[in-house]
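Examining the three-dimensional arrangement
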Amino acid sequence: MTGARFLEPGAHQGTVFGAQPPHRMPPAVSTIPRGAFGPSLPPPAIWPPLDFALGAVACCVACVFTNPLEVVKTRLQLQGELRSRGSYQRHYRGVLQALWLVGRNDGLRGLQKGLSVGLIYQGVMNGVRLGSYSYCEALGVTSYHGGSLLSGAGAGALGAFIASPAYLVKTHLQAQTVKTIAVGHQHSHVGVSDAFATIYRREGLVGLWRGVNGAVPRVMVGSATQLATFSSAKDWVSRSQRFSPDSWLTALVAAAISGVAVAVAMTPFDVISTRLYNQPVDEAHRGRLYGGFLDCMLKVCQAEGLLGLYKGMGPVFLRLAPHTVLSMLFWDLMRQQAMKKSQSNRSSRSYSNKMIK
């Protein structure tokens, strides 16, 4: 099968994420591979730079709404670090109580701690992640067995690595609070620029990527789950003919299904990633608490039990589910609009050329 290629703006475009173009004649002998979760054809992707930008914008918009839950999630995941249940004071007892506690002690601005650097992270990581996945889609990689999972994991790993310094600073800032409700190590940064400068002066350029060994598995799992389940769910909803393939309701239902899957699969990796990013370092710039991903996982299980890996599951779900719904919905809708505009421009140019002739 010849993979779909990228087309410049104005070239003919199809629908996104599995909806089939109309009036397509089936081949005499089907050579189309089945997708990871059923048969599908790789849809043509839009112009790569535009697709990267749309992915970044979609996730940044979602981040503005879900950042308070990210703050609460970080605090819950650091609470009782490497201590057995019942041996520490629980400042945060649930999502709503934690939101109220943060707002009371840190003010309304405290609920949006780390938002600016969070937007940088979302823009860079998801621009690379969603754009790379779209590129794999256009090449037809996602149409093979396991193609969606592998493409999503690879795209997520690349995005997580590039954007890791922003996530490091975001975690530090969101963990910071007044002494009475502090959990985990407190880095005491003045702001985003100060955090970057302090880490660079103390640990060098490599220090800005400390904790990336936890971030890459985290985003690989989350990205593979999100993108594969979203694509498959959207195909399934489209084939069920409950909604129009181009309807925003189709994207919404698919994103909701994807959000549940992401929250379940990603929480243990999210806990480990938060711990690795926030841990203090010694004079040799090594982590004082954990030696790496596996060491962190084993220590958490030994000290806090298996459920320690699911700390903050409530805000993780409440944050990931709407974030997935909003980001994937915005991305899907913006891509559809971009494709419709490209088709319109192409039709206009074609008509003009005919008139000239």
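Everything in this summary refers to the structure shown in the same document. Every value quoted in this text rests on a predicted model; they were computed, and no experiment measured them. (Residues numbered from 1 in each chain as written. Predicted model: local features only at pLDDT ≥ 70, side-chain atom pairs only at ≥ 80, totals over all residues. Heavy atoms only, no water.)

**A short note on the overall build of the protein chain**
Rules: Here a helix means four or more residues in a row that DSSP labels H or I, a strand means two or more in a row labelled E, and each is numbered from the N terminus. Burial classes follow relative accessibility: with a 1.4 Å probe on protein chains only, a residue under 20% of its type's maximum area counts as buried, one over 50% as exposed, and anything between as partly exposed. Each accessible area is a Shrake-Rupley estimate made with a 1.4 Å probe; only the visible protein chains count as cover when residues are assessed.
What the protein chain contains, in helices and strands, is nine helices and two strands. Every one of the 357 residues in the protein chain was classed for burial, and the buried ones make up 52%. Surface summary for the protein chain: the accessible area is close to 16,400 Å², and the carbon and sulfur share equals 65%.

**Structural notes on the side chain of Thr-225**
The criterion, for reference: Residues are treated as being in contact if the distance between any of their heavy atoms lies within 4.5 Å.
Position of Thr-225 relative to the elements: it lies in helix H6 (residues 212–240). Taking relative accessible area as the criterion, Thr-225 reaches 15% and is therefore assigned buried. If we skip the residues at most four places from it in the chain, Thr-225 touches Ser-258, Ala-261, Val-262 and Ala-265.

**Considerations on the packing of helix H1 (residues 48–78) against helix H2 (residues 95–106)**
Condition: In this analysis an axis means a line fitted to C-alpha atoms, helices contributing only their contacting stretch, and an angle means the value between N-to-C directions, from 0 to 180 degrees. Relative orientations are named as follows: roughly parallel for angles under 35 degrees, roughly antiparallel for angles over 145 degrees, roughly perpendicular for angles from 65 to 115 degrees, and oblique for any other angle. Side-chain classes follow a simple rule in which Ala, Val, Leu, Ile, Met, Phe, Trp, Tyr, Cys and Pro form the nonpolar group, Asp, Glu, Lys and Arg form the charged group, and the remainder, Gly included, forms the polar group.
Viewed as axis vectors pointing N to C, H1 and H2 meet at an angle of 100°, and their least axial separation amounts to 10 Å. It follows that H1 is roughly perpendicular to H2 by the angle criterion. Across the interface between the two elements, Pro-68, Leu-69, Val-71, Val-72 and Arg-75 of H1 pack against Val-95, Ala-98, Leu-99, Val-102 and Asp-106 of H2. Along the lines of polarity and charge, the residues of the contact of H1 with H2 split into eight nonpolar, no polar and two charged.

**Things to note about the environment of Ile-162**
Its location among the elements puts Ile-162 in helix H4 (residues 147–175). Linking Ile-162 and Val-124, residues 38 residues apart in sequence, is a C-alpha distance of 7.5 Å. For Ile-162, the contacting residues outside a window of four places in its chain are Val-124, Val-128 and Trp-209.

**Observations regarding the pattern of salt bridges**
This is how it is decided: What counts as a salt bridge is simple: a side-chain nitrogen of Lys or Arg found within 4 Å of a carboxyl oxygen of Asp or Glu.
Summed over all chains, the structure comprises 13 salt bridges. Here Lys-73 makes a salt bridge to Asp-270, at a shortest N to O gap of 2.9 Å. Note that Lys-73 is positioned in helix H1 and Asp-270 in helix H7 (residues 248–278), a separation of 197 residues in sequence. Judged on exposure class, the residue Lys-73 and its partner Asp-270 are both buried. Asp-295 is paired through a salt bridge with Lys-299; the nearest N and O atoms lie 3.3 Å apart.

**Describing H1**
Every α-helix carries 3.6 residues per turn, so stepping three or four residues along brings you back to the same face. Counted only if it meets this: One less than the residue count of a helix, multiplied by 1.5 Å, gives the span that helix is expected to have. In this scheme, the bend at a residue equals the angle between the axes fitted to the seven residues that finish there and the seven that begin there.
An ideal rise of 1.5 Å per residue puts 45 Å on 31 residues; H1 reaches only 39 Å between its terminal C-alpha atoms. Along H1, the helix axis deviates most sharply at Thr-66, where the bend reaches about 60°; the proline Pro-68 sits within four residues downstream.

**Regarding the state of the cysteines**
As used here, a disulfide is simply a covalent bond connecting the sulfur atoms of two cysteines. Note the threshold: Throughout, a disulfide means two cysteine sulfur atoms within 2.5 Å of one another.
Taken as a whole, this structure holds zero disulfides when the rule is applied. Free cysteine: Cys-59, not disulfide-bonded; nearest cysteine sulfur from Cys-60 at 7.3 Å.

**A look at the packing of aromatic side chains**
One pair of aromatic rings is described through two measures. These are the centre distance and the angle between the planes. Worth spelling out the cut-off: Pairing of aromatic rings covers Phe, Tyr and the six-membered ring of Trp, with a centre-to-centre limit of 6.5 Å; geometry is then stacked below 30 degrees between planes, edge-to-face above 60, and tilted otherwise. Lysine NZ or arginine CZ positioned within 6 Å of the ring centre and within 35 degrees of the ring normal marks a charge as sitting over the ring.
A complete count under the given rule lists four aromatic pairs for this structure. Aromatic pair Phe-161 and Trp-209: ring centres 6.1 Å apart, planes at 35°, arrangement tilted. One end of the pair, Phe-161, is in helix H4; the other, Trp-209, is in the loop between helix H5 (192–207) and H6, and 48 residues separate them in sequence. Overall, the relative accessible area of 45% leaves Phe-161 in the partly exposed class. For Trp-209, a relative accessible area of 28% gives the class partly exposed. Of the aromatic side chains, those joined through ring pairs into one cluster are Tyr-121, Tyr-167 and Tyr-277. Sitting over the ring of Tyr-167, Lys-170 keeps its end group 4.2 Å from the ring centre.

**Some remarks on the packing of H7 against helix H8 (residues 293–304)**
Axis separation between H7 and H8 bottoms out at 10 Å; the angle between their running directions is 105°. Taken together, the axes of H7 and H8 lie roughly perpendicular to each other. Seen from H7, the contacting residues are Phe-269, Ile-272, Arg-275 and Leu-276; seen from H8, they are Phe-293, Cys-296, Met-297, Val-300 and Glu-304. When its residues are assigned to classes, the contact of H7 with H8 shows seven nonpolar, no polar and two charged.

**Remarks on unusual backbone geometry**
Even without being a glycine, Leu-82 presents a positive backbone phi close to 55°. Tracing the sequence through the fold places Leu-82 in the loop between H1 and H2. Phi angles above zero are rare outside glycine, and Ser-188 is one such case at about 60°. The residue Ser-188 is located in the loop between H4 and H5 in this model.

**Things to note about the nonpolar core**
We apply this condition: Here, nonpolar core refers to any group of buried Ala, Val, Leu, Ile, Met, Phe, Trp, Tyr and Cys residues whose side-chain atoms link them within 4.5 Å.
Counting 19 residues, the largest nonpolar core has Tyr-121 and Val-169 as its most contacted members. For this core, the elements supplying multiple residues, two or more each, are helix H3 (115–139), H4, H5 and H6. With eight residues, the single largest contributor to this core is H4. Excluding residues within four positions of it along the chain, Val-169 makes contact with Val-117, Val-192, Ala-195, Phe-196 and Ile-199. Counting residues in hydrophobic clusters, the runner-up holds 12 residues, among them Val-71, Leu-76, Val-102 and Leu-111.

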